Amino acid sequence: MKRMTHFIALGALAVAQAGGVTTLSAQSGAGPTDADLMSSATNTGAVLTNGMGPRGQRFSPLDQINAQTVSRLVPAFAASLGGEKQRGQESQPIVYDGTIYVTGSYSRLFAFDARTGEEKWEYDARLPDGIMPCCDVVNRGAAIYGDKIIFATLDAHIVALNRNTGKVVWNKKAADYEAGYSMTAAPLIVHGKVIYGNSGGEFGIIGRVEARDVNTGELVWSRPTIEGNVGQLNGKDSTMTGKLNASWQGDQWKTGGGAPWLGGTYDPETNLLYFGTGNPAPWNSHLRPGDNLYTSSTLAIDPDTGEIKWHYQYTPHDGWDFDGVNEFIPFDATVNGKKMKLGAQANRNGFFFVLDRTNGKFVSASPFVTKTTWASGYTKAGRPIYVDSNRPGAPTTDKGASVFSAPSFLGGKNWMPMAYSQQTGWFYVPSNEWGMDIWNEPITYKKGAAYLGAGFTIKPLYPDYIGALRAVDPATGKIMWTYKNKAPLWGGVLTTGGGLVFTGTPEGYLKAFDAKTGQELWKFNTGSGVVGSPVTWEQDGEQYIAVMSGWGGAVPLWGGEVAKAVQHINQGGSLWVFKLPKS
Amino acid sequence: MLLDRRRALALIGGGTAMLAVGGRAGAASLDKVIARGTLSIAVYRDFEPWSWREGDRLRGIDVELGELLASAIALRAEFLELIPGDDVAADLRNAVWRGSVVGQAPADVMMHVPVDRQLALANDRAVILGAYYRESFAMACNRDRVPDCEALPPAFKGRPLAAEIDSIPDFYLSSVSGGMLRSDVHHYPTGPAAVAAAAGQEADGVVATRAQIEHGLLAARDRLVQRKGPLPMMLSPGWNVGIAVKDDSRDLGDRLESVLAALVANGKIPAIFERYGVVYRPPAEA
């Protein structure tokens, strides 16, 4: 934990100007500021934030690569993460100042030269033997600020490195890995604070969104996601989350789950953070009557105090393991002739939600997968209309009471982020068509003792595909086009001013689609499954695309019929960078 | 190829206990641990009264049993403390047949594995054997505050009841009698913490494993009384507890199983249980 006080003067940088879009003009050793991060969605000369802008729209106005030129796209270089440590690479690259920063599996961070792919430095977190990550050893990306590059580790630390040297500036324990906590999401930086959610440890925990001073790593505020728990601000107790025992019985609020493990987005206009929360604990809903607030919800939080400004609960009293953690993406649109500040989320439960992002009021919910067995729809007030017979039974009932439920607990959409095109006004949602048989399993064991678990089998809904990349019009909820993929989709989406949509497939391809029609225009096989999120930027007058390749994540952990679609996919661990050939 | 042949021989040897114990028939794993001079033993971390740390010292029934097993075959015991995963299948993967996801090698043998046919079938990379105890769930009440620990569940309405979070005692108390005790359930991170709550001021009663209850009584017999009658509608009838080795180490497992049987017969294992206040119960016949 040595504090590095290097001052590194950087050479003059080529700064590209193109087509009226701004590029960061003062790239220097000082590094990105708060203001730079806030305007990162329109800065095409760099990729400064997870989600390509604090709102997480994953839209770039760049159009050199477009429907006409994309067929000529070729690799510029590839860079291996090396070693025996492969497995899932779910990271999104950060690009700044001639360097591409990517996180790798097993809590590693790499700095590659953005022009040649040569490695500048590599940081390997020394992970303790006892970590128990639930779903592979992934990491989803880093955050950049000033002279630092910051990421979270599998043993639940937040580590800030000097971005020029890879040396540790600070390293703080955010949670106890021995209690089952882990961290995989990219942190978010707002107002000089690193903001993240805890993850793992589904039982005996409560979720928390926390903010630390970006320069020191000291905790500024902590906001529990379960009502009845008291938050912290500047080392003192702040306010209680919600109202004690309003939607929980007894002391269940002390251990109610709701981990916001996927991180969040931020809207500078409303000055609100949007964090999604996980499902409630224990898993069997019959043991915890009530809505179980604020699990399976989006929370709008003040970035300076950690106060909750509003909440919306997607799956009240969840019984199917439908996390609400997915990214809530702010966008503006006209609804019933009125211009509105909105936000959208594609939920595990199979519905695509549009909310008023200023107050959390429900606007619409429409299915983005073909089958939602657990609810027939939503009321005007935004409550699900449950199909009661589809709720898994009480633990005292027999194993015989198996229900088939779709989506499966892996969700209509899992962690992989969707994108919003400012050009088409549509969202591009990486979804999966699968369901599950779920039943109470009377003979299971946990921690050396008998235990009442859930038995489940995940089943594809259709013989020819599981993955489905869909264009959704948020104004109508209509599906505008669908691209079907044999294996489940598990990577993020990028959309551009060139009228394109990019996403990766487990089969190894990075693919480009026409944003209007869904027609596949280009593909390239990276040699291993793509489960990362692609980005684009401009460098030396040329548009670049980058994506991580490396098969893994939660899908290979589940067997059954899903395994058949992915059994021939090999592991890897590489950064791939593409551009158009110089004519 | 050689490995395959050795395994086949070991499997044949496993059929007759004497051959396996003799360890001559290409017994890869047993030979290996004997050559090494140590037996690495996985035990659960923070798992009183079976394996937990008191200050720096690792102690408990499983720890002493492991030491006894190792010394019976002239080996030194080494312990690997295991953080429990989502289920025992994860623990078997981490501690017995694959090792942890970050590269920690598995142990030679894991203690406290439920001996259950279905569990064994679902985890065929591990060999589960050597049942050494019969476990089940039990209840204790605070003597001063509960007039009758034998009463039916509805009689406990309004009394704080302690249970380990996300355990069968938790599910039992939260669902018995139509869930009428649900808001009375107080959750604790471990069974012993729940027992301590009932021995102290926080709870009137506790449901935990029988070993946890009896071990807790050792220091709190004046404050706690154990329920004698069965728990109505209890979700588990009990289970046998044994050991597990990797599928290619069946010869080691067979050897340890026969040592365990001898140590039960000569009273050394029951004596360990007694020191921790736990009544020794032999495993039930399948």
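Conventions and cut-offs
- Throughout, residues of each chain are indexed from 1 in the direction in which the sequence is written.
- By the order in which they are written, chains take letters starting at A while ligands take numbers starting at 1.
- Confidence filtering applies because this is a predicted model: local features only for residues at pLDDT of at least 70, side-chain atom pairs given and counted only at 80 or more, and all residues used for totals across whole chains, interfaces and linings.
- Where side-chain values are given, they derive from all heavy atoms of the structure, hydrogens and water being excluded.
- For two strands to be treated as a pair, DSSP must find at least two bridges joining them.
- A helix here means a DSSP run of H or I that spans at least four residues, while a strand means a run of E at least two residues long, and both kinds are numbered starting from the N terminus.
- Angles run from 0 to 180 degrees between N-to-C directions of axes, and those axes are lines fitted to C-alpha atoms, restricted for helices to the stretch in contact.
- Note that the term roughly parallel is reserved for angles under 35 degrees, roughly antiparallel for angles over 145, roughly perpendicular for angles of 65 to 115, and oblique for everything else.
- Helix crossings get a hand from a simple test, with the near helix turned counterclockwise from the far one by less than a right angle marking a left-handed crossing and a clockwise turn marking a right-handed one.
- By definition, residues are in contact when any of their heavy atoms lie within 4.5 Å.
- When the centres of two rings from Phe, Tyr and Trp lie within 6.5 Å, Trp using its six-membered ring, the rings pair. Their planes under 30 degrees apart give stacked, over 60 give edge-to-face, and anything left gives tilted.
- Accessible area is worked out with a 1.4 Å probe on protein chains only. A residue is then buried under 20% of its type maximum, exposed over 50%, and partly exposed in between.
- We call a charge positioned above a ring when the Lys NZ or Arg CZ atom is no farther than 6 Å from the ring centre and deviates by at most 35 degrees from the ring normal.
- Disulfides are defined in this document as cysteine sulfur pairs within 2.5 Å.
- An automatic or database domain assignment provides the domain bounds reported here.
- Put simply, buried area is the surface a 1.4 Å probe can reach on two separate parts but cannot reach once they are joined, added for both.
- By salt bridge we mean one thing: a side-chain nitrogen of Lys or Arg within 4 Å of a carboxyl oxygen of Asp or Glu.
- Definition of a polar contact: a pair of N or O atoms within 3.5 Å, with one able to donate and the other able to accept a hydrogen when the atoms are protein atoms, and with sequence-neighbouring residues admitted only if both atoms are side-chain atoms.
- Polar here means any residue other than Ala, Val, Leu, Ile, Met, Phe, Trp, Tyr, Cys and Pro, which are nonpolar, and Asp, Glu, Lys and Arg, which are charged; Gly is therefore polar.
- Two distance rules govern patches: like charges are joined within 9 Å, and nonpolar side chains (Val, Leu, Ile, Met, Phe, Trp, Tyr) within 5 Å, applied only to residues with over 30% relative accessible area and no salt bridge.
- The protein chains shown are the only cover counted for residues, whose accessible areas, like all others here, come from Shrake-Rupley with a 1.4 Å probe.
- Each residue carries a pLDDT score, the predictor's own confidence in it, on a scale running from 0 to 100.

## Some thoughts on the sheet that holds strand 34 (residues 467-472) of chain A
Residues and elements named next belong to chain A.
So, step 1. Pairing is antiparallel in the open sheet, where four strands are placed in the order 30-31-34-35. Looking at which strands have only one partner, the edges of the open sheet turn out to be strand 30 (419-420) and strand 35 (479-485).
So, step 2. Pairing of strand 30 with strand 31 (residues 427-432), which is carried by two bridges, proceeds in the antiparallel orientation. Bridging across to strand 31, A419 finds its partner in Y428.

## Let's talk about the packing of helix 4 (residues 61-72) of chain B against helix 10 (residues 250-265) of chain B
All names here are of chain B.
So, step 1. Where helix 4 contacts helix 10, the two axes come as close as 10 Å, and the packing angle between them is 110 degrees. Between helix 4 and helix 10, the crossing angle belongs to the class labelled roughly perpendicular. In this structure, helix 4 crosses over helix 10, and the sense of that crossing is right-handed. Where helix 4 approaches helix 10, its residues L65, L68, L69 and A72 are matched on the opposing element by L256, V259, L260 and L263.

## What to know about the packing of aromatic side chains
So, step 1. Tallying each qualifying case throughout the model produces 45 aromatic pairs over all chains.
So, step 2. A centroid spacing of 5.6 Å and a plane angle of 75 degrees characterise the contact between W50 of chain B and F273 of chain B, whose relative ring orientation is edge-to-face. Within this pair, whereas W50 of chain B is found in the loop between strand 1 (38-44) and strand 2 (52-54), its partner F273 of chain B is found in helix 11 (residues 268-275), the two being separated by 223 residues in sequence. One exposure class covers both W50 of chain B and F273 of chain B, and it is buried.
So, step 3. Ring centres of F273 of chain B and Y280 of chain B lie 5.0 Å apart, and the angle between their planes is 75 degrees; this geometry places the pair in the edge-to-face category.
So, step 4. Residue Y280 of chain B is classed as buried on the basis of its relative accessible area, which comes to 18%.
So, step 5. An aromatic cluster of at least three residues, connected via ring pairs, comprises Y312, Y314, W320, F322, F351, F353, F362, W374, Y378 and Y386 of chain A.
So, step 6. The residue whose ring lies beneath R391 of chain A is Y386 of chain A, and the NZ or CZ to ring-centre distance is 5.3 Å.
So, step 7. Positioned above the aromatic ring of Y509 of chain A, the side-chain terminus of K511 of chain A is 5.4 Å from the ring centre.

## A look at the state of the cysteines
Disulfide: a covalent bond formed between the sulfur atoms of two cysteine residues.
All names here are of chain B.
So, step 1. Under the criterion given, the structure shown has one disulfide over all chains.
So, step 2. Here C141 engages in a disulfide with C149; their sulfurs sit 2.0 Å apart. Torsion about the S-S bond of the C141 and C149 cystine: about 75 degrees, corresponding to right-handed handedness.
So, step 3. Exposure remark for C141: the relative accessible area of 0% places this residue in the buried category.

## Considerations on the domain arrangement of chain B
All names here are of chain B.
So, step 1. Taken domain by domain, chain B comprises domain 1 (2-135 + 239-275) and domain 2 (137-226).
So, step 2. Each side of the interface is counted separately: domain 1 has nine residues, and domain 2 has nine residues.
So, step 3. For the pairing of domain 1 and domain 2, the buried interface totals around 710 Å² over both sides, and the portion due to carbon and sulfur atoms is 63%.
So, step 4. When residues of domain 1 are sorted by the area they lose upon contact with domain 2, E48, P49 and E135 head the list and together hold 54% of the total.
So, step 5. Where domain 1 packs against domain 2, one counts zero salt bridges.
So, step 6. Our enumeration of links across domain 1 and domain 2 arrives at three residue pairs in polar contact (both at pLDDT 80 or more).
So, step 7. Of the residues in the side of domain 1 that touches domain 2, the class split is five nonpolar, no polar and four charged.

## Here we look at the pairing of strand 22 (residues 308-313) of chain A
All names here are of chain A.
So, step 1. Sheet analysis places strand 21 (residues 297-301) next to strand 22, joined by five bridges and oriented antiparallel. Bridge assignment links T298 to a residue of strand 22, and that residue is Y312.
So, step 2. The antiparallel pairing of strand 21 with strand 22 creates a hairpin that spans six residues between the two strands, and G306 there sits at a positive phi of about 80 degrees.

## Notes on the sheet that holds strand 8 (residues 148-152) of chain A
Residues and elements named next belong to chain A.
So, step 1. One open sheet accounts for four strands, arranged 7-8-9-10; its pairing is antiparallel. With one partner strand each, in any of the chains shown, strand 7 (143-145) and strand 10 (168-173) form the two edges of the open sheet. Each adjacent strand pair in this sheet contributes to an overall mean axis angle of 20 degrees, direction not counted.
So, step 2. With five bridges joining them, strand 8 and strand 9 (residues 157-162) adopt antiparallel strand pairing. Note that in strand 9 the partner of I150 across the bridge is A160.

## A word on the interface of chain A and chain B
So, step 1. Counting residues at the interface gives 34 residues for chain A, matched by 38 residues for chain B.
So, step 2. Both sides of the chain A and chain B interface together cover about 3,300 Å² of buried area, and 63% of this is carbon and sulfur.
So, step 3. Put simply, chain A and chain B have three salt bridges between them.
So, step 4. We note a salt bridge from K446 of chain A to D166 of chain B, for which the minimum N-O separation is 2.8 Å.

## Structural notes on a nonpolar patch on the surface
So, step 1. Taken together, the side chains of V230, M240 and L244 of chain A make up a nonpolar region of the molecular surface, amounting to roughly 230 Å² of accessible area.
So, step 2. Of note, V230 of chain A is situated in strand 17 (residues 230-233).

## What about the confidence of the model for chain B?
Residue and element names in this part refer to chain B.
So, step 1. When pLDDT is averaged across chain B, the result is 89; 90% of the residues are at 70 or more.
So, step 2. Counting interchain partners and residues more than four positions distant, the pLDDT-below-50 stretch residues 1-27 has 19 contacts.
So, step 3. Scored by ipTM, the complex comes to 0.86, with pTM at 0.89.

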